[in-house]
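Understanding the architecture of this molecule
Residues per chain, in single letters:
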Amino acid sequence: MAGATVGNTEASLTDAIAIADNIAKLRAEVPEGVRVVAVSKYKPIEAIRAAREAGVRDFGESRIQEAIEKRQALSELEELRWHFIGHLQSNKVNAALQHMDWIHSVDSLKLARRINGAIGRGLSSPKLCLQVKFAPDPDKFGWHEDELLADWETLESLENLDVRGLMTIAPLGLGEAQTRSLFERARHFWQERQTASQRWQFDTLSMGMSGDYRPAIAAGATVVRVGRTIFGDRSS
Ligand SMILES: *Cc1c(COP(=O)(O)O)cnc(C)c1O
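Quick caveat: nothing in here was measured; it's all calculated off a predicted structure. (Residues numbered from 1 in each chain as written. Predicted model: local features only at pLDDT ≥ 70, side-chain atom pairs only at ≥ 80, totals over all residues. Heavy atoms only, no water.)

So, about the packing of helix H6 (residues 145–157) against helix H7 (residues 176–196). In the contact formed by H6 and H7, the axes pass within 12 Å of each other and the chain directions differ by 10°. The angle between the axes of H6 and H7 places the two elements in the roughly parallel class. Contacts between H6 and H7 involve Glu145, Leu148, Leu149 and Trp152 on the former and, on the latter, Arg185, Phe189 and Arg193. A class-by-class count of the residues in the contact of H6 with H7 yields 4 nonpolar, no polar and 3 charged. (Axes fitted to C-alpha atoms, helices over the stretch in contact; angles between N-to-C directions. Helix = DSSP H or I, 4+ residues; strand = E, 2+ residues; numbered from the N terminus. Parallel < 35°, antiparallel > 145°, perpendicular 65-115°, else oblique. Contact = heavy atoms within 4.5 Å. Nonpolar A, V, L, I, M, F, W, Y, C, P; charged D, E, K, R; others polar.)

So this is what it looks like as structure tokens:
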């Protein structure tokens, strides 16, 4: 995958047209108030340039090294916002805080404490989402609802965290109705936490990917994270 960020100019022009087209179609479907994060993981920087040309400012990456390389390679593009959406290992916390505007995937108290400590030592403070699982999913990180409730007070006592809301990923293989009800539950839980929060501006609900952004938006997502629908399949 290391070579994935090296561009191929021949392919780029047609890719750029397809990307602009995909973005226009997506835009037509997504309401004004919902932010689209274009998930550019494993995609070359030319693809990100094409999406920026088409008006996208928010990009999502799931590996910190790849995200930093792309950000540096594209430093001349103004006003890009970089969103980290992958599992963040402890030894990458400092790098993530230095280079990411958002981290959607704060998935444990231990990680939250590390982030809090690093900000306390002077690193910058990105906007954060807490990752919650609304169905058992051993392959995914994050809190279950009851676990988050149990950690809530401790989390709120971490004085440096700029927590903006929740992020969730629906498990693969759910039917349409199940997906919908999972997202409804997420919205409900998010609103409850919004009311309960003593100090956070809890205005963000990050849910919905290429396969399920429609039900996510219908249920009240404020941010969708869309990769393949914009950039095409990652396996090709
Ligand atoms: C890869 C990824 C996405 C985007 O997935 P697509 O199916 O390409 O839209 C969204 N969120 C997370 C957490 C991801 O890892």
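A few words now on the site of the ligand. The environment of the ligand is made up of Val39, Lys41, Ile85, Ile169, Met209, Ser210, Arg225, Val226, Gly227, Arg228 and Arg234. Within the side chain of serine 210, a nitrogen or oxygen atom sits 2.5 Å from an oxygen atom of the ligand. A distance of 2.7 Å is found between an oxygen atom of the ligand and a side-chain nitrogen or oxygen belonging to arginine 234. Relative to its unbound accessible area of 390 Å², the ligand is 92% covered by the protein chains. Classifying every residue of the shell around the ligand by side-chain character gives 5 nonpolar, 2 polar and 4 charged. (Near = heavy atom within 4 Å. Polar contact = N/O pair within 3.5 Å; in protein donor to acceptor, adjacent residues only side chain to side chain. Areas by Shrake-Rupley, 256 points an atom, 1.4 Å probe, with all protein chains shown as cover.)

Bridge count between strand E1 (residues 35–39) and strand E9 (residues 223–226): 4 bridges; the pairing is parallel. In the strand pairing of E9, valine 37 is matched with arginine 225. The pairing of E1 with strand E2 (residues 58–61) spans 2 bridges and is parallel. Bridge pairing links valine 39 to glycine 60 in E2. Crossover E1 to E2 through helix H2 (residues 45–53) is right-handed. (Pairing = 2+ DSSP bridges. Right-handed = clockwise from strand over helix to strand, strands pointing away.)

Let us look at unusual backbone geometry. In this model, tyrosine 42 sits at a positive phi of 65°, which is unusual for a non-glycine residue. Structurally, the position occupied by tyrosine 42 is in the loop between E1 and H2. Here glutamate 79, not a glycine, exhibits a phi torsion of approximately 60°, which is positive. By the secondary structure assignment, glutamate 79 is in the loop between helix H3 (64–73) and strand E3 (81–84).

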